[in-house]
Amino acid sequence: MGANSSRKSRRGNEPVQSPQTADTRPPPEAVRPKDVMLCFSSSDSAFADFLKGSLERSGISVWADHAMDRAPPGIAGKAVMATKVLIFVISEESACNNFCEDTVSLAYISNTPILPVALENADTLEAFLNAGL
C-alpha cells in the first residue's frame, strides 16, 4: 500500500482501525476527572460561564456543557461519577428541568458532594423545588 492509501474493511469503505489507535484514544472530555461539574439550565448559561471562568482562574478544573442534556447516553453519568463536587445552579428553570434533577439525584446516590448555588431567593425557588431536589 502506498503512503496515501488506507486499509478498508471487508464490509465497505470504512477504514479499519488498528488496535493500537483504538486503545490509545483519550476518553471523551466528559469522563476525564474534573474538580467540579456544573449542573445548570441553558437559561442560566451566562452565570455558568462566569462561574466556570472564575473557578478555572483559581486553578480548579471545571466541566460544564451547554448541551449536556443532548449528550450520548451515559456521558452525563460518567461525568458525575468522575467529578469531586457537583455545583447545582438553582433557578426556576433548573429546578423544573428533568435532566438537572436526574444529574443531582445521581450525584446524591453516588455520594458526590453537591454545592447548591441559588440565583434567586429561597422564597421564590421553594415553589419550584420538588422532594427530589
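As shown above, the structure is provided for reference.
Residues numbered from 1 in each chain as written. Predicted model: local features only at pLDDT ≥ 70, side-chain atom pairs only at ≥ 80, totals over all residues. Heavy atoms only, no water.

Novice: What should I look at first to understand the pattern of salt bridges in this one?
Specialist: When the charged atoms of two side chains with opposite charge come close together, those side chains can pair. With the rule as written, the count across this model stands at two salt bridges. As a salt-bridge pair, Glu56 and Lys52 come within 3.2 Å of each other at their nearest N and O atoms. Taken together, the positions of Glu56 and Lys52, both in helix H2 (residues 45-57) and four residues apart, correspond to about one turn of that helix. Assessed through its relative accessible area of 38%, Glu56 is described here as partly exposed. Lys52 gets classed as partly exposed once you look at its relative accessible area, which sits at 24%. (Salt bridge = Lys/Arg side-chain N within 4 Å of Asp/Glu carboxyl O. Helix = DSSP H or I, 4+ residues; strand = E, 2+ residues; numbered from the N terminus. Buried < 20%, exposed > 50% of the residue type's maximum accessible area, 1.4 Å probe, protein only.)

Novice: Even after reading the chapter, I still don't get the side chain of Thr83, so can you show me in this structure?
Specialist: Mapped onto the elements, Thr83 comes out in strand E3 (residues 83-90). In this structure the side chain of Thr83 is engaged in a polar contact, spanning 3.2 Å, whose partner is the backbone oxygen of Val85. (Polar contact = N/O pair within 3.5 Å; in protein donor to acceptor, adjacent residues only side chain to side chain.)

Novice: For this particular structure, what's the right way to read the packing of aromatic side chains?
Specialist: Aromatic rings in a pair are described by how distant their centres are and how their planes are angled relative to each other. A full pass over the atoms with the stated rule returns one aromatic pair. Residues Phe47 and Phe50 carry aromatic rings whose centres are separated by 6.2 Å and whose planes lie at 45 degrees to one another, so their mutual orientation is tilted. One end of the pair, Phe47, and the other, Phe50, are both in helix H2, three residues apart, so they sit about a helical turn from each other. Classification of Phe47 by relative accessible area gives partly exposed; the value is 27%. Classification of Phe50 by relative accessible area gives exposed; the value is 52%. (Phe/Tyr/Trp six-rings, centres within 6.5 Å; stacked < 30°, edge-to-face > 60°.)

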